[in-house]
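# Inside the fold
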Amino acid sequence: TLKEHIAEVEKFTADTTEAVEAFRIKYLGKKGLLNQFFAEFKNVPNEQKKEFGQTINHLKTAATDKVNELKSALETQSEEKGIFGDLTRPGEPLELGARHPISIVKNQIIEIFSRIGFNVSEGPEIEDDWHNFTALNLPEYHPARDMQDTFFIQTDPDVLLRTHTSSVQVRYMENNKPPIRTISPGRVYRNEAISARSHCFFHQVEGLYIDKDVSFADLKQTLQYFTTELFGKSKIRLRPSYFPFTEPSAEVDVYWGLETETDYRMTKGTGWLEIMGCGMVDPNVLDNCGIDSKEYSGFAFGMGIDRIALLLHQISDIRLLSENDLRFLEQFKSAL
Ligand code: PHE
């Protein structure tokens, strides 16, 4: 009877695909039991039609569910066997991610300075006036503040997005005694028009070295070591410049051309390229940060990671670095 069939279907079990298929044919096949019952339907007396119909439908659902359930159990089993049993099966391809070019270059810079004893320091991106400006010899109304195109938060002039990671150096000096050798990587913000060459945020690595008797020669030698490590054998030149927090100050250019070991990466343009600012820390800055300028001296430098990344990887537009276009980012898969 129908009821017996339902009971049989519900307790049915099988551990081969053949057995499941035989079961399926028996119940759901063209000449299977269900079709036979459906054919009988017209002979059933009217008053029993309703109950009969419901029971066949119940049987049909039970049989269909059982077949699906057993099939998927068998599939999982055979997949597991495939993975653990057949060692000649080819592996699944692994999707490897890529490091962002900014991270690649930042890590290179950190590595180079860590070899000569610099540690890494970090600080907040939302800063106050003291750490971003005043401690760095930029009092209120100092004209050089305009150079920085600062983003202020709402209307409070004491809450701003840092314009350089020199703010981290201030924090570091406030909390550590010399000798100090630290580099401060991080994101900085400036209210500049966005173009292929500049953005309203970018990344810096600033460096600070403070000890007794630190001289300008120490600065030059450190910079020459750094550019040689990063660009290969390279020429640098220092041009006199001005920063409120250093005296004397200089702009560092690196020669990008055929003599540079890295010239194979160069597709266009040769000549002197500005890569960073530097100078001897102004004694006022040391005193502002609790370091006795009669006892200690030091140098500082700061560079933009983004532009160096453009240079090293021949990227034509700085905006590519923040647009998250996978076609661009995936090109860095092999660069660690
Ligand atoms: N803070 C400067 C800037 O953001 C860079 C700099 C750092 C210059 C240290 C000199 C010394 O442009």
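What you are looking at is a predicted structure, and each value in this text was computed from that prediction instead of being measured.

The next point concerns the UniProt feature "binding site: Mg(2+)" (unreviewed entry) in the protein chain. Summarizing the sequence annotation, UniProt attributes the feature "binding site: Mg(2+)" (unreviewed entry) to Glu247 in the numbering used throughout. As for its placement among the helices and strands, glutamate 247 is situated in strand β8 (residues 246-256). Those residues in contact with glutamate 247, other than ones at most four positions away along the chain, are Met280 and Asp282.

This part is about the sheet that holds strand β2 (residues 126-127). What holds strands together in a sheet is hydrogen bonding between their backbones, with the strands either parallel or antiparallel. Strand order in the open sheet formed by three strands is β2-β4-β3, and the pairing between neighbours is antiparallel. The two strands at the open ends of the sheet, each matched to only one other strand, are β2 and β3 (152-153). The sheet contact formed by β2 and strand β4 (residues 156-161) spans two bridges and is antiparallel. Each bridged residue has a counterpart across the sheet, and for glutamate 127 the counterpart in β4 is leucine 160.

Moving on, we get to the packing of helix α1 (residues 2-11) against helix α2 (residues 17-28). Viewed as axis vectors pointing N to C, α1 and α2 meet at an angle of 160°, and their least axial separation amounts to 12 Å. Relative to α2, the element α1 is oriented roughly antiparallel. The two elements α1 and α2 meet at a crossing, and its hand is left-handed. Judged by residue contacts, His5, Glu8 and Val9 of α1 engage Phe23, Lys26 and Tyr27 from α2. Looking at the contact of α1 with α2, its residues break down into three nonpolar, one polar and two charged.

Attention shifts here to the site of the ligand. Near the ligand there are 13 residues, and of these His164, Ser166, Arg190, Gln204 and Glu206 occur at the shortest range. Side-chain polar atom of serine 166 to a nitrogen atom of the ligand: 3.1 Å apart, as the coordinates give it. Glutamate 206 is positioned such that a nitrogen or oxygen atom in its side chain is 2.8 Å from a nitrogen atom of the ligand. Calculation on the ligand without its partners gives an accessible area of 320 Å², and the protein chains cover 92% of this total. Among the secondary structure elements, those contributing two or more residues to the shell around the ligand are β6 (201-211), β9 (271-281) and β10 (297-304). Residue contributions to the shell around the ligand peak at three residues, all from β10. Looking at the shell around the ligand residue by residue, the classes come out as five nonpolar, six polar and two charged.

Per the counting criterion, the structure on display carries 14 aromatic pairs. Aromatic pair phenylalanine 118 and phenylalanine 301: ring centres 6.5 Å apart, planes at 65°, arrangement edge-to-face. Of the two residues, phenylalanine 118 sits in the loop between α5 (101-114) and β1 (119-120) while phenylalanine 301 sits in strand β10, which places them 183 residues apart along the sequence. Take phenylalanine 301: its relative accessible area is 2%, and that puts it in the buried class. One aromatic cluster in this structure is built from Phe113, Phe118, Tyr209, Phe226, Phe299 and Phe301.

Turning our attention to α1. Considered for burial, the residues of α1 that qualify are Leu2, His5, Ile6 and Val9. Down the axis of α1, the buried side of the element spans an arc of 100°, and every buried residue falls inside it. In this structure, α1 carries Lys3, Glu4 and Lys11 as exposed residues pointing more than 90 degrees from its buried face.

Once that is clear, we can look at the nonpolar core. Residues Phe113, Leu223, Phe226, Phe231, Met276, Phe301 and Met303 are the most contacted members of the largest nonpolar core, which totals 40 residues. Elements with a minimum of two residues in this core: α5, α8 (216-231), β8, β9, β10, α10 (305-313) and α11 (326-329). The leading source of residues in this core is α5, at seven residues. Contacts of methionine 276, omitting those with residues within four sequence positions, involve Leu223, Phe226, Ala250, Glu251, Val252, Phe301, Gly302 and Met303. Grouped together as the second largest cluster of nonpolar side chains are 21 residues, Phe133, Leu138, Leu160 and Tyr172 included.

Basis of the calculations
Every residue gets a number counted from 1 within its own chain, in the order that chain's sequence is written. Two thresholds apply to this predicted model, a pLDDT of at least 70 for residue-level local features and 80 or more for giving and counting side-chain atom pairs, whereas whole-chain, interface and lining totals are computed over all residues. In computing side-chain properties, one takes all heavy atoms of the structure into account and sets aside hydrogens as well as water. UniProt positions are given in the numbering used here, feature names are shortened, and annotations may be inferred rather than shown by experiment. Runs of E in the DSSP output that reach at least two residues are strands. Runs of H or I that reach at least four are helices, and both are numbered from the N terminus. The contact criterion used is simple: two residues touch if any of their non-hydrogen atoms lie within 4.5 Å. We call two strands paired when DSSP finds no fewer than two bridges between them. Between N-to-C directions, angles span 0 to 180 degrees; the directions come from axes that are lines fitted to C-alpha atoms, helices contributing only their stretch in contact. Note on terminology: angles under 35 degrees are roughly parallel, angles over 145 are roughly antiparallel, angles of 65 to 115 are roughly perpendicular, and the others are oblique. Left-handed describes a crossing whose near helix is turned anticlockwise from the far helix by less than a right angle; the clockwise case is right-handed. In the scheme used here, Gly and all other residues not listed as nonpolar or charged are polar, with Ala, Val, Leu, Ile, Met, Phe, Trp, Tyr, Cys and Pro taken as nonpolar and Asp, Glu, Lys and Arg as charged. We define proximity as follows: a residue is near a molecule or strand when any one of its heavy atoms falls within 4 Å of that partner. Between N or O atoms, a polar contact is any pair within 3.5 Å; within protein, one atom must be a potential hydrogen donor and the other a potential acceptor, and residues adjacent in sequence are included only when both atoms are from side chains. Residue-level accessible areas treat just the shown protein chains as cover; the underlying method is Shrake-Rupley with a 1.4 Å probe. Pairing of aromatic rings covers Phe, Tyr and the six-membered ring of Trp, with a centre-to-centre limit of 6.5 Å; geometry is then stacked below 30 degrees between planes, edge-to-face above 60, and tilted otherwise. Each residue's exposure class comes from its accessible area (1.4 Å probe, protein chains only) as a fraction of the maximum for that residue type: buried when under 20%, exposed when over 50%, partly exposed otherwise. The arc in question is the one spanned by the directions pointing from the helix axis to the C-beta atoms. Remark: nonpolar core denotes a set of buried residues (Ala, Val, Leu, Ile, Met, Phe, Trp, Tyr, Cys) joined through side-chain atoms within 4.5 Å.

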